[in-house]
Amino acid sequence: MDNRIKFALYLKGWIFQGGDKAQLKKNSEKVLIDEYIPQMKGSIFCPECFANLFRSPEEKEFSSNGRVAYFAHSRVIKTDCGLRTKRAEGKKYLTEEDAKRAILNEELVIVEGFIKERPISPNKTPAEYDASQVEEIDGPVANVPIGRHKGEAFKLPSKFKTIRGICNKFDENITRYFYMPNGQHAIQLQDLLKNIESVTEEDEVPRIYYGKIIRSANAGKTPQNIRMTKLQYTSQDYADFYFKLADEKQREKGIDDNSAGRVVVMYGKITKSGAGLCIEKVEWGEFALLPRKYECLLY
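Keep in mind it's a predicted model, so treat the numbers as computed, not measured.

Description of the sheet that holds strand β7 (residues 136-144)
Here is step 1: The strand order β7-β8-β6-β9-β10 describes an open sheet built from five strands, whose pairing is mixed. Only two strands of the sheet have a single neighbouring strand rather than two, namely β7 and β10 (187-188).
Here is step 2: As paired strands, β7 and strand β8 (residues 154-161) are joined by seven bridges and run antiparallel to one another. Bridging from a neighbouring strand, N143 pairs with K155 of β8.
Here is step 3: Strands β6 (108-114) and β8 of the sheet are contacted by helix α2 (residues 96-104), whose axis makes an angle of about 25 degrees with β8.

Below is the structure:
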């Protein structure tokens, strides 16, 4: 993902200096680079720091040096923004109050973990439960090392999340900072996401991966058998890459024989599978299909 600013916030008449940021977030239109028109000039803003943006080049698809069009920050307004340049050590907070305020403003998310089992809603049987009703559960207060000073940790409220919950609001989440289990920094989601096509070896550290489905099929005859979901992957060292999980569990999240072309997001470890690699044995809240409307933010 070369261009860090995936979309701009467009709101005619809004002004950065003294403007109500809550109003901008609520009333603005999200505009992709190829949706920009010259009439929007002066009224597009950064989804993280809300400073003015411009499109370069303004009307062409490529610059004179061949670079594809992109959004950039105004050179007049200086802000501390992770979309200007990637922060090598994530985002740090000066005080615990600053971090808590970022959580309240939905700019920072402390992830205690992902929900392991399908929640059972009160007064409903498991068969009646609509999984979309529960995408996060309050976690414990966590000691999080995201202070500006070396070794400084803050006690902050955490959440047990689901990958589907993150995917459902992907356009909002992609610029948020996430502190992941056992992490050392709060890192922007777009920098946490790893394309499986960039994977070169096994990795015991769980991470958030995404991949495009080539085909998917039940390897057996019952819903309890493993569904083999092949992902787009090319490597000189490994033959292929699969997402492997029971057919019934994948189908519950919408992955079936007709899922070719869709993007799946997974939280897990990379392990060997025959002559290839795979992600397997993930839990209920650790994978989901990315809604089609957000695929352009990754590809």
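Topic: the pairing of strand β12 (residues 203-218)
On a regular strand, each side chain points to the face opposite its neighbour's, so the side chains alternate between the two faces of the sheet.
Here is step 1: With two bridges joining them, strand β11 (residues 194-195) and β12 adopt parallel strand pairing. Considered in β12, the bridge of K194 is made with Y209.
Here is step 2: Note that β12 and strand β15 (residues 263-273) share seven bridges and pair antiparallel. By the bridge assignment for β15, G211 is matched with V264.
Here is step 3: Direction of pairing for β12 relative to strand β13 (residues 226-231): antiparallel, over a ladder of five bridges. Looking at β13, one finds that R215 is bridged to K230.

A short note on the packing of aromatic side chains
Here is step 1: Taken as a whole and assessed by the stated rule, the structure comprises seven aromatic pairs.
Here is step 2: Here K253 stacks its cationic end above the ring of W284, 4.8 Å away from the centre of that ring.
Here is step 3: The aromatic ring of F287 is capped on one face by K253, whose charged end is 4.3 Å from the ring centroid.

Quick notes on the environment of V144
Here is step 1: Position of V144 among the secondary structure elements: in strand β7.
Here is step 2: Take V144: its relative accessible area is 0%, and that puts it in the buried class.
Here is step 3: Setting aside chain neighbours within four positions, we find V144 in contact with I110, E152, A153, F154, L156 and Y179.

About the thresholds
In this convention, every chain numbers its residues from 1, walking through the sequence in written order. Totals for whole chains, interfaces and linings use every residue, but because this is a predicted model, local features are given only for residues with pLDDT of at least 70 and side-chain atom pairs only at 80 or more, for both listing and counting. In computing side-chain properties, one takes all heavy atoms of the structure into account and sets aside hydrogens as well as water. A pair of strands is treated as paired once DSSP finds two or more bridges between them. Numbering of helices and strands runs from the N terminus, with a helix taken as a DSSP run of H or I at least four residues long and a strand as a DSSP run of E at least two residues long. A contact between two residues is defined here by any heavy atoms of the two lying within 4.5 Å. Between the N-to-C directions of two axes lies an angle of 0 to 180 degrees, each axis being a line fitted to C-alpha atoms and, for a helix, fitted only over the stretch in contact. Only Phe, Tyr and Trp rings are paired, with Trp represented by its six-membered ring, and only when their centres lie within 6.5 Å; those with planes under 30 degrees apart are stacked, over 60 edge-to-face, the remainder tilted. Charge-over-ring contacts are defined here by two conditions on Lys NZ or Arg CZ: a distance within 6 Å of the ring centre and an angle within 35 degrees of the ring normal. Buried, partly exposed and exposed residues are distinguished by accessible area as a fraction of the type maximum, computed with a 1.4 Å probe on protein chains only: under 20%, between the cut-offs, and over 50%, respectively.

Note that all results are geometric; they support no functional claim without further evidence.
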